[in-house]
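# What the coordinates show
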Amino acid sequence: MYTLYWSPGSASMAPHCCLEEAGAAYTLKRVDTGKGEHQSPEYLALNPAGKVPTLVIADDSSKGGFTMTESAAMCMLIADRHPAANLAPRPDELARGHFYMWLMHLTNTLQPAMLRYYYPDRHTAASDGTEAVVNKAMEEVAAVWSRIDAHLRTKGPYFLGERYSAADVFCTMLSIWQDCCPDTYRRFPGVKRLADLVLARPAVARIAAVNQAA
């Protein structure tokens, strides 16, 4: 049994979708970041970084439960534990390398640029420095989306061609965060095509609805 600590509009959406795609048994525990619950002692005991999401797995072999953080890592683990869901190529397939590559690019390059836009105060000590951080972040986000869009338009519709994976789920989650890149879907039609395909999947549509309604 999985327990996902989540918050609407956060990076919990991707592993949430993967759990739903896998047909896994899970429960949700909402973390109200607006009330600072992600900084409570109880939550920090699970996730010392005070970020959402956190995944807890009740497993007899883990003696008290297994806890992990990092949204992309959760997607990878869920894909591995539920191979029938076809969320990732098998470990012996070369396509597995591209799956890793794109998922890491999304979480190591695109997502940090986005976070610099949303939290500029974390990246400058200058009292008047946040505007410059925001502007640079927007420039970087657009540049990364442009590269991703070029790949999806020429080799898509998914990151692995005709093959759907958890990397597409993660990308779709990030594509919804458009304050940092206004008109993302209009500017990057390959990204829009991917998001449309992913959001049309029943499992993903259910989770998107939960996030919008929360």
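Residues numbered from 1 in each chain as written. Predicted model: local features only at pLDDT ≥ 70, side-chain atom pairs only at ≥ 80, totals over all residues. Heavy atoms only, no water.

## Focus on the overall build of the chain
Using the following cut-off: A helix here means a DSSP run of H or I that spans at least four residues, while a strand means a run of E at least two residues long, and both kinds are numbered starting from the N terminus. Note on method: radius of gyration uses C-alpha positions; expected globular size equals 2.2 Å times residues raised to 0.38. Here a residue-residue contact requires only that any non-hydrogen atoms of the pair lie within 4.5 Å. All accessibility values rest on the Shrake-Rupley procedure with a 1.4 Å probe; residue burial counts only the protein chains present in the view. We treat Lys and Arg as the positive residues and Asp and Glu as the negative residues; His and chain ends play no part in the count. In plain terms, the charge of a residue is placed at NZ if it is Lys, CZ if Arg, CG if Asp and CD if Glu.
Assigned secondary structure in the chain consists of nine helices and four strands. From first element to last, N terminus to C terminus, the chain shows the α and β order β-α-β-α-β-β-α-α-α-α-α-α-α. Taking 2.2 N^0.38 as the reference for a compact globule, 214 residues should give roughly 17 Å; the C-alpha atoms of the chain span a radius of gyration of 17 Å, in line with that estimate. When the backbone C-alpha atoms are referred to their principal axes, the chain occupies close to 50 × 45 × 30 Å. Here the analysis covers contacts within the chain between residues at least 6 apart in sequence; of these, 64% occur between residues at least 24 apart. For the chain, the computed accessible surface area is about 10,600 Å², with 53% contributed by carbon and sulfur atoms. Mean positive and mean negative side-chain charge positions of the chain (21 and 22 charges, respectively) differ by 4 Å.

## Re unusual backbone geometry
To be explicit about the condition: Each residue is placed in one exposure class: buried if its accessible area under a 1.4 Å probe, protein chains only, is under 20% of its type's maximum, exposed if it is over 50%, and partly exposed if it falls in between.
Val52 connects to Pro53 through a cis peptide bond whose omega is 15°. Here the bond from Gly156 into Pro157 is cis, since omega is 15°, no more than 30 degrees from zero. A positive phi angle is found at Asn86, which is not glycine, with a value near 55°. Looking at the secondary structure, you find Asn86 in the loop between α3 (71–81) and α4 (95–118). Accessibility expressed as a relative area gives 53% for Asn86, which makes it exposed.

## Side note on the layout of surface pockets
What counts is decided by this rule: Using only the protein atoms, space was sampled on a 1 Å grid; points where a 1.4 Å probe fits but cannot get out form cavities, open sets with protein on both sides within 12 Å along at least five of seven lines form pockets, and lining residues are those with an atom within 4 Å of a point. Grid points are joined across faces, edges and corners, and a volume is the space filled by probe spheres set on the points. Polar here means any residue outside two lists: the nonpolar Ala, Val, Leu, Ile, Met, Phe, Trp, Tyr, Cys and Pro, and the charged Asp, Glu, Lys and Arg; Gly therefore counts as polar.
What the largest pocket holds in volume is close to 770 Å³. Along the walls of the largest pocket sit 26 residues, with Ala11, Lys51, Val52, Leu115 and Tyr119 positioned nearest its centre. Of all the secondary structure elements, the ones that give two or more residues to the lining of the largest pocket are α3 and α4. Broken down by element, the residue count for the lining of the largest pocket peaks at five residues, all from α4. Taken together, the residues of the lining of the largest pocket break down into 11 nonpolar, 12 polar and three charged.

## Topic: the packing of aromatic side chains
Here is the rule: Between the rings of Phe, Tyr and Trp (Trp by its six-membered ring), a pair exists once the centres lie within 6.5 Å; its type follows the angle of the planes, with under 30 degrees stacked, over 60 edge-to-face, and the other angles tilted.
A complete count under the given rule lists five aromatic pairs for this structure. Their ring planes at 35° and their centres at 4.9 Å tell us that Trp102 and Phe159 sit as a pair that is tilted. One end of the pair, Trp102, is in helix α4; the other, Phe159, is in the loop between α5 (130–155) and α6 (166–175), and 57 residues separate them in sequence. Across the pair, exposure class does not vary: Trp102 and Phe159 are buried alike.

## Notes on the pattern of salt bridges
Stated formally: In the sections that follow, a salt bridge refers to a side-chain nitrogen of Lys or Arg positioned within 4 Å of a carboxyl oxygen of Asp or Glu.
Following the criterion strictly, the structure yields 11 salt bridges and no others. Note that Arg201 and Glu21 form a salt bridge whose closest N and O atoms lie 2.7 Å from each other. Remark: Glu21 occurs in helix α1 (residues 13–22) and Arg201 occurs in the loop between α8 (189–199) and α9 (202–213); sequence separation between them is 180 residues. Measuring nitrogen to oxygen at the nearest pair gives 3.7 Å for the salt bridge that ties Arg90 to Glu93. Sharing partners across several salt bridges, the network here consists of Arg90, Asp92, Glu93 and Arg163.

## Things to note about the nonpolar core
Note the cut-off: To qualify as a nonpolar core, a set must consist of buried Ala, Val, Leu, Ile, Met, Phe, Trp, Tyr and Cys residues joined through side-chain atoms within 4.5 Å.
Formed by 56 residues in total, the largest nonpolar core has its most connected members in Leu110, Trp145, Ile148, Phe159, Phe170 and Leu174. In this structure Phe159 touches Trp102, Leu106, Ile148, His151, Leu152, Ala167, Asp168, Cys171 and Leu194, once residues within four positions along its chain are discounted. Of all hydrophobic cores here, the second largest spans five residues; its members include Tyr5, Val31, Tyr43 and Val56.

## Considerations on α9
We apply this condition: By definition here, a helix of n residues has an expected span of 1.5 Å times n minus one. Taking the helix axis as origin, the arc is that swept by the directions to the C-beta atoms.
An ideal rise of 1.5 Å per residue puts 16 Å on 12 residues; α9 measures up with 16 Å between its terminal C-alpha atoms. Along α9, the positions that sit buried rather than exposed are Ala203, Val204, Ile207, Ala208 and Asn211. Burial along α9 is one-sided: seen end-on, the buried residues are contained in an arc of 130°. What points out from α9, more than 90 degrees from its buried face, is the exposed set Pro202, Gln212 and Ala213. Of the surrounding secondary structure, the elements contacted by the buried residues of α9 are β1 (2–6), α1, β2 (26–30) and α8.

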